[in-house]
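Here is what each chain is made of, one letter per residue.
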Amino acid sequence: MISVRNLSKSFGANAVLKDISFDVAKGKTAVLLGKSGSGKSTMLRCLNLLEHWDSGHVEIAGAALGRTKQSGGDWRRWNAREEAEARQRIGMVFQQFNLFPHMTVLQNVMCGPKRILGKDEAASKKIALALLDQVGLAEKQGAYPAFLSGGQQQRVAIARALAMEPTVLLLDEITSALDPELVGEVLEVVRDLKRRGLTMVCVTHEIHFAEDVADQVIFMEDGLVVEEGPPESILANPGTERLRKFLTRFHAQNRGGSRVAA
Ligand SMILES: Nc1ncnc2c1ncn2[C@@H]1O[C@H](COP(=O)(O)OP(=O)(O)OP(=O)(O)O)[C@@H](O)[C@H]1O
Ligand SMILES: [Mg+2]
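Predicted model, so just to flag it, every value in this text is computed and none were measured.

(A) Spatial organisation of the pattern of salt bridges. Taken as a whole and assessed by the stated rule, the structure comprises 18 salt bridges. Residue R196 is joined to D192 by a salt bridge in which the shortest nitrogen-to-oxygen separation is 2.9 Å. Residue class for R196 comes out exposed when judged on its relative accessible area of 54%. Look at D192 and you get buried, because its relative accessible area is 16%. A single network of salt bridges, built from pairs that share partners, joins E188, R191, D192, R195, R196 and D212.

(B) Structural view of unusual backbone geometry. Within the chain, L49 stands out as a residue other than glycine whose phi angle is a positive 60°. Mapped onto the elements, L49 comes out in the loop between α1 (40–47) and β4 (55–60). The backbone of E165 sits at a positive phi, close to 50°, despite the residue not being glycine. Among the structural elements, E165 can be located in the loop between α5 (150–162) and β9 (168–172).

(C) Highlighting the site of ligand 1. Taken together, 13 residues sit near ligand 1, with S36, G37, K40, S41 and T42 positioned nearest. Side-chain polar atom of S36 to an oxygen atom of ligand 1: 2.5 Å apart, as the coordinates give it. Separating an oxygen atom of ligand 1 from a side-chain N or O atom of K40 is a distance of 2.8 Å. Of all elements in the fold, only β2 (14–24) and α1 reach the threshold of two or more residues within the shell around ligand 1.

(D) Expanded view of the pairing of strand β12 (residues 224–229). For strand β11 (residues 216–221) and β12, the ladder comprises five bridges, and the chain directions are antiparallel. Counted as the bridge partner of V217 is G229 from β12. Here β11 hands over to β12 after two residues, with D222 in that stretch at a positive phi of 50°.

Scoring rules and cut-offs
Residues numbered from 1 in each chain as written. Chains lettered and ligands numbered in written order. Predicted model: local features only at pLDDT ≥ 70, side-chain atom pairs only at ≥ 80, totals over all residues. Heavy atoms only, no water. Salt bridge = Lys/Arg side-chain N within 4 Å of Asp/Glu carboxyl O. Buried < 20%, exposed > 50% of the residue type's maximum accessible area, 1.4 Å probe, protein only. Helix = DSSP H or I, 4+ residues; strand = E, 2+ residues; numbered from the N terminus. Near = heavy atom within 4 Å. Polar contact = N/O pair within 3.5 Å; in protein donor to acceptor, adjacent residues only side chain to side chain. Pairing = 2+ DSSP bridges.

Listed below in structure tokens is the structure:
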């Protein structure tokens, strides 16, 4: 479903992504794991065209992302309208939920189908209510975001992304801003999406998140994919010194048990 080939990106002299390649199969959940500054968010932002990469190639569902091959064989970068259209199909949820504070929960989830997909009021409401039910928040439809807990707000943000019927969903540190006791309810929503067969790429620096939801872990450091594989094999038996060190440091910092309420 997602194919990244030899993707590189610099901010000025800072080479943030260096020849990154990976694939995510349809219906699978990949977790990009790595310490702060390793380039995880930048990689995710490239997949949503919030950043432009310098070289490399990305395909989503078999079609090139961000550029079109012209009859002469040259590639033309998409214009803003083409990027915006593609972004509708690539959902993204952030650490800070970014809900519209002046809209109710229901309005937050309805506004995409209504304003962007052009569905009528009744159809948009039906979609939004079904999604709020799916994330366990149907009874909060009339509330404003400020009156919800962080975990509830994040579940609304996920419902809002799903309302656009994305082919892939990108999640950037979606549990990092939450109190530990609220992490479990958001993870449960992610597990449910997994069961429903949505293709997801999640970014985290928390090993527990990777252990919990990943089919595939992609460990990044200094803009490189250092190691990749199923969580049960690479997290239990890291094949590189760099991943081994990362895991040791993480466990040392989190001595005393799991932060994730599973
Ligand atoms: N818009 C930008 N302009 C300049 N430099 C940037 C920009 N965005 C990110 N960077 C730099 O790119 C590098 C990677 O940042 P990125 O946010 O991708 O890391 P990350 O792995 O997501 O880290 P964290 O776990 O802290 O979120 C950092 O050195 C950062 O300073
Ligand atoms: Mg980040």
